[in-house]
Amino acid sequence: MPVLMRARRRDERHRAATPLELLFDLCFVVAVAQAGRQLAHALAEGHPGHGVSGYLMLFFAVWWAWMNFTWFASAYDTDDALYRVVTLVQMAGVLILAAGVPRAFAHSDFTVIWFGYLVMRLAMVTQWLRAAHGSRGAERRTALRYALGVTVCQIGWLGLLALPEHDVPWVFVVVGLLELAVPALAERERQTTWHPQHISERYGLFTIIVLGETIAAATLAVQAALDRNDALDTLLPIAAGGLLLVFAAYWIYFAVPIHLHLRSNRQAFLWGYGHYLVFGSVAAVGAGIEVAVAESFGRAHLSAFAAAACVTVPAALFMLTVWLIHSRHHKRGPAQQLVLPVSALLVLACTFAGHGAVLATGLVASATVAVGVTLTSRQATAPAE
């Protein structure tokens, strides 16, 4: 018989991500790669409106599926046989979702994605009902509200299948906002016992996943260009700039111990929801590098300025968003606070560098890290007042 699902303690010591959670995250590698690949293709073909809107919708679907599991697991991971089997079902749903991304992007056919979500949601509702069965009072009511909210939202996503194609963006906006409201409504009486260090680690691991996807996308683009052109003088600046940008993004994100900031639902939800832009912008950088490589060899239907913007805009958005929701809570003084916002503006200015934009962006990002490290070191060695 399975054990009762009991909430874990928020002050539990040495709480870390489990191997099952790491395996679960790996399933999202496929989904993130699919979304990025479709964005790169649309941008290279000169369809930025369709590419960006489609990417924002599909990345939301990927990110929210990950969010649902991550916050639940932080509060109720029992790691028994039943929990593992239900998690396996959720992983199957993620892979179904990933398989449906190309069709949804190209033809607005969300049937496969909706079915993948259905599989994940059936498993998620099962988990919440199990949590409700093992609890009493306000905790039980919270779990039941989650189960009801997830079910209602899944029904709402039927609008993607039933309504005309031109209504799809409105369905995403309305049902997406409803999805975001479910945690706040469910936890208005009692907060779930998510663990600050565990949550910050989980987000950090997903950041590494999207950074890895950016490296993989850039590598494949450079490899494909080398196979056809063997033009190292054109590719090396793009490859070097992309590598510098990814490493700087890693450094910028992991520079602060954010778990010390996550003390309440209000702080945690604003931080957690803001990562939609953090994750989405990092993954979009990889797509942008693909476009920059394609444009350099005349295989993209857009200008050098537009191809540069495919890299600089998401890179600037990453810097600004990380500062806004993540790092500013640990910055001291105006100099430290201004580093990332000013760097975001400088990255946008790199758009005018044309074919040298990726390398210029990587150099600006590296300089951002150097300035940040210098200011932090000076503060640490400054005499106490």
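The model shown is predicted, which means the values in this text are computed figures rather than measured ones. (Residues numbered from 1 in each chain as written. Predicted model: local features only at pLDDT ≥ 70, side-chain atom pairs only at ≥ 80, totals over all residues. Heavy atoms only, no water.)

J.: I'd like to hear about unusual backbone geometry, residue by residue, with values.
T.: Of note, the phi angle at His-14 is positive, near 60 degrees, even though the residue is not glycine. One can find His-14 in the segment before helix 1 (19-44). You will see that Ser-108, though not glycine, has its phi angle at about 55 degrees, which is positive. Following the sequence through the fold, Ser-108 ends up in the loop between helix 3 (81-107) and helix 4 (111-133). (Helix = DSSP H or I, 4+ residues; strand = E, 2+ residues; numbered from the N terminus.)

J.: Before we move on, can you summarise the environment of Trp-63 with the specific residues and values?
T.: Inspection of the secondary structure puts Trp-63 in helix 2 (residues 48-76). The exposure class assigned to Trp-63 is buried, which follows from its relative accessible area of 1%. Sequence-wise, Trp-63 and Val-94 are 31 residues apart; in three dimensions their C-alpha atoms are separated by 11 Å. Discounting chain neighbours no more than four positions away, the residues touching Trp-63 are Leu-180, Gly-272, Tyr-273, His-275, Tyr-276 and Phe-279. (Buried < 20%, exposed > 50% of the residue type's maximum accessible area, 1.4 Å probe, protein only. Contact = heavy atoms within 4.5 Å.)

J.: I'd like a rundown of helix 1, residues and numbers included.
T.: Taking 1.5 Å as the rise per residue, helix 1 with 26 residues should run 38 Å; its terminal C-alpha atoms sit 38 Å apart, in good agreement. Once helix 1 finishes, Gly-46 follows within two positions and takes phi at roughly 80 degrees, a positive value. (Expected span 1.5 Å × (residues − 1).)

J.: Talk me through the environment of Arg-15; I want residue IDs and the actual numbers.
T.: Along the polypeptide, Arg-15 turns up in the segment before helix 1. When its relative accessible area of 6% is taken as the criterion, Arg-15 is described as buried. Expressed as a C-alpha distance, the spacing of Arg-15 and Val-150, which sit 135 residues apart in the sequence, is 27 Å. Each residue touching Arg-15, except ones within four places of it in the same chain, is listed here: Arg-8, Ala-73, Ser-74, Asp-77, His-195, His-198 and Glu-201. Here Ala-73 takes part through its backbone oxygen, which lies 3.2 Å from a polar atom of the side chain of Arg-15. Among the polar contacts listed, one links the side chain of Arg-15 to the backbone oxygen of Ser-74, at a separation of 3.0 Å. (Polar contact = N/O pair within 3.5 Å; in protein donor to acceptor, adjacent residues only side chain to side chain.)

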